[in-house]
Every structure is written in structure tokens, then in C-alpha cells.
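Single-letter residue listing:
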Amino acid sequence: MPLWILATGIILIVPLRPESLSTQVTAVVVATMAFYLLIPNLLTVVTFASLYLSTGFLVSAVLFAEIAPVETLRIALLLVMTNVVGFCALLRLESLQRKQFSLLHEARDQNRQLLKEIAHRKSLEEQLRMVAERDALTGLNSRSHFMKRAKALLQSSRLEKVPFSLFMIDVDHFKSINDTWGHSQGDWVLTKISEICAHSLRPTDVIGRFGGEEFVVALPDTGPDDALIVAERLKTKVAELPLKEEMSELCLSVTIGIAIAHSEEVDLQALISRADQSLYVGKRDGRNRVVMYRKRTEEE
């Protein structure tokens, strides 16, 4: 609407001041170019408004300024050229804007795809990390990840000068469980025992599956007396585990070997070896028991 009002106002100047026609021609050319260049994205409206201005101005000039045919033709050609140039300029501008808009959308699509790819890669990295850090069957720490975390806990215990305990847990007669009820039932037993261990320990304790039917537990800030209490509680809870009906004849039990690191310099591997020796003594003495590491164990 403002375009049409402005165009009408310019046209009406001709009958009011016909003596200033030459100046008005310049104003019409400038106004026409301004229509095309300053009002993008409205090519059809601007074109009709510009043609209305040019035609109305030319008709008013003929009727009220009484110009000669040659002058009329000259003004007409000037206005035609002005509209052609303005139309082409606006058409080109809109074409460039469409391309720019298209490129912008393409860039946004690429950014969205990139974000999806990044999210997918992060998801894969998380899955790989879980595979590397977690045991597939029990969901406990894998052996390698347990070693990494337990080393850090042992080092921290040394710095804080607090005792550090380590359990080696073995499921008694596990081979006969697999042979009698099948590997699927054996896996179920391992899963249930891992759940008991995970729920019976503190958040600061670290438990992992060491291999096969063996589990390993690191307990920071835990001395011999507390370690024995925790181990006996674990052994009791395993014995009380409700079994499936088809496994009612099974007497499920575990043997636990304990090693304690006090202030002496002992690495994690040596501590595991001590707990393993205690575990061996317990299995040799009849299984279903808790054995604390003693130096005499080495002599035996």
C-alpha cells in the first residue's frame, strides 16, 4: 500500500507543477530504482507499482505538460530502461537470496548430521568403554578395569596410612554345577552371586570378575576384623540364596581368601597372590570357608 500511495503522489505533482517536468523525470527514475532495490522479496508487487508510476507519470506528462512526441518517446524509453534495469537487478538479488537461503539450510542440515554423527560416535565410544570395563555376564568390573581401580585405591590407602583388604572369592564345585544343570544354570548362579556381592559391599568397595567362577574384591580402609565380618556375611548370603526348583539339590557355597595390606610396601599383584594362596588353603581344607592370609600359609 505505501508503494501505491507514493507512486500516486509523484504522479499528481505533474498537473500541479508541469513546468518542473525535467526534475520530476529524475525523481521518477530515482523512485523506480528505489522501489526495485530497497524492497526485496516482493518482485511482483514492486514491478506493478513501478509500471503504474511510469505509465501514470507519462500519461500525466502528455496531458498536463503538453510535451512533444519526441520528448514523450525519450521519457518513455528512459522509463522502460529504468524498469528493465530495476527488474533485472531485483530478480538477480532474489536469486542470490534464494541461493543463500538454500546454502544456509544445507549448512544447517550438515550441522544436524554432524551433531548426529558426534552423538552416534559418543554412543559407540560409551558402548566400547562398557565392553572394556564391564563383564558381559555379570555387569561387574572386568579384570583389567578392576586392576586399574584397585591400584588407585591401594595407592590412596598407602598415602592415608589406612589398611586395605582384598578378597578372592571362588564358587565351590562350579564345574559340577555346569556338568549337572548346564552352562546356562551356571551363568545364572554367577549372576546371582555377583548381585549378592554388589549389594553387600560399600559404594567405595570395588568388585570384579577375575575369571571363570572367581571374583575379586578391593576394600579400602578395611582391617582384618572388618574384612572377616564382611567375608563371613557374603559366604552366609550365598548359602542362603534361593535356588531354582530344578536345582534344589544344590548346596551352593563359596570359599573366600583374604589378604591385608597394612603400611608395608606391597603391590596389588602381590596382594592378589596372597589372597589366592589363602583361597587355595580354604579349598584344600574342605571349601565353604573364609581364610585370612598368614605367613604360615606360604610354608604350607
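All values derive from a computational prediction rather than experimental measurement.

(A) Structural context of the overall build of the protein. Scanning the protein for helices and strands turns up 10 helices and 5 strands. Relative to the globule expectation of 19 Å for 300 residues, the C-alpha radius of gyration of the protein, 45 Å, shows a markedly less compact shape. A sequence separation of at least 24 residues applies to 70% of the contacts in the protein between residues at least 6 apart. On the protein, roughly 17500 Å² of surface is accessible, and the fraction owed to carbon and sulfur atoms is 60%. Treating the 34 positive side-chain charges of the protein as one cloud and the 36 negative ones as another, the clouds have centres 4 Å apart.

(B) Geometry of the environment of leucine 93. For leucine 93, the location among the structural elements is in helix 4 (residues 69-133). For the pair leucine 93 and leucine 228, spaced 135 residues apart in sequence, the C-alpha to C-alpha distance is 84 Å.

(C) Quick peek at the pattern of salt bridges. Overall, the coordinates contain 10 salt bridges when judged by the stated rule. Close ionic contact of glutamate 71 with arginine 74 constitutes a salt bridge, the shortest N to O distance being 2.3 Å. Of this pair, glutamate 71 and arginine 74 are both found in helix 4, 3 residues apart, which corresponds to roughly one turn of the helix. Among the residues examined, glutamate 71 registers a relative accessible area of 30% and is labelled partly exposed. A salt bridge links lysine 192 to glutamate 195; the nearest nitrogen and oxygen atoms lie 3.7 Å apart. In this pair, lysine 192 and glutamate 195 both sit in helix 7 (residues 183-200), 3 residues apart, roughly one turn of the helix. What makes lysine 192 partly exposed here is its relative accessible area of 25%.

(D) Main features of the sheet that holds strand 1 (residues 164-171). One open sheet holds the 5 strands; their spatial order is 2-3-1-4-5, and the pairing between them is mixed. Looking at strand neighbours, the two that pair on one side only are strand 2 (206-211) and strand 5 (290-292), the edges of this open sheet. Strand-to-strand twist across the sheet, computed as the mean angle between neighbouring axes with direction ignored, equals 20 degrees. Here strand 2 runs beside strand 3 (residues 214-220); their pairing, made up of 5 bridges, is antiparallel. The partner of isoleucine 207 across the bridge, within strand 3, is valine 217.

(E) Representation of the side chain of serine 54 within the structure. Mapped onto the elements, serine 54 comes out in helix 3 (residues 43-64). Given a relative accessible area of 7%, serine 54 falls into the buried group. With residues near it in sequence (within four places) discarded, serine 54 still touches Thr32, Leu79 and Asn83.

(F) Unusual backbone geometry, seen in detail. Residue histidine 173 is not a glycine yet carries a positive backbone phi of 55 degrees. The class of histidine 173 is partly exposed, set by a relative accessible area of 49%. You will see that arginine 287, though not glycine, has its phi angle at about 65 degrees, which is positive. Here arginine 287 shows up in the loop between helix 9 (268-284) and strand 5.

(G) Up close: the nonpolar core. In this structure, Phe167, Ile169, Ile193, Leu252, Ile256 and Ile258 are the most contacted members of the largest nonpolar core, which totals 32 residues. At the level of elements, strand 1, helix 6 (174-181), helix 7, strand 3, helix 8 (224-239), strand 4 (254-261) and strand 5 are the ones that each hand at least two residues to this core. Examining the composition of this core, we find that 6 residues originate from one element, helix 7, more than from any other. Residue contacts for isoleucine 256: discarding those within four places in its chain leaves Phe167, Met168, Ile169, Ala231, Leu234, Lys235, Leu279, Arg289, Val290 and Val291. Ala7, Ile10, Val29 and Ile67 belong to the second-largest nonpolar core, a separate cluster that totals 23 residues.

(H) Broad picture of the environment of isoleucine 67. Residue position: isoleucine 67 is located in the loop between helix 3 and helix 4. For the pair isoleucine 67 and leucine 21, spaced 46 residues apart in sequence, the C-alpha separation works out to 9.4 Å. Those residues in contact with isoleucine 67 that sit more than four places away from it in its chain are Leu21, Ala61, Val62, Thr72 and Ile75.

About the criteria used
- Position numbers for residues count from 1 along each chain, tracking the sequence in the order it is written.
- Totals for whole chains, interfaces and linings use all residues, but because this is a predicted model, local features are given only for residues with pLDDT of at least 70 and pairs of side-chain atoms are given and counted only at 80 or more.
- Excluding hydrogens and water, the side-chain figures rest on all heavy atoms present in the structure.
- Helical segments are the DSSP runs of H or I of at least four residues, strand segments are the runs of E of at least two, and each set is numbered from the N terminus.
- Atoms counted for the radius of gyration: C-alpha only. Globule rule: 2.2 Å times the number of residues to the power 0.38.
- By the convention used here, residues are in contact when the closest approach between their heavy atoms is within 4.5 Å.
- Throughout, the Shrake-Rupley method with a 1.4 Å probe supplies accessible areas, and for residues the shown protein chains are the sole cover considered.
- For the purpose of counting charges, residues Lys and Arg are taken to be positive, whereas Asp and Glu are taken to be negative. His and the chain ends are not included.
- Positions of charges follow a simple convention, taking NZ of Lys, CZ of Arg, CG of Asp or CD of Glu.
- Throughout this description, the term salt bridge denotes a Lys or Arg side-chain nitrogen within 4 Å of a carboxyl oxygen of Asp or Glu.
- Each residue's exposure class comes from its accessible area (1.4 Å probe, protein chains only) as a fraction of the maximum for that residue type: buried when under 20%, exposed when over 50%, partly exposed otherwise.
- DSSP calls a pair of strands paired once it identifies at least 2 bridges connecting them.
- Note on definitions: angles span 0 to 180 degrees between N-to-C directions of axes, and those axes are lines fitted to C-alpha atoms, for helices only across the stretch in contact.
- By nonpolar core is meant a set of buried Ala, Val, Leu, Ile, Met, Phe, Trp, Tyr and Cys residues that side-chain atoms within 4.5 Å join together.

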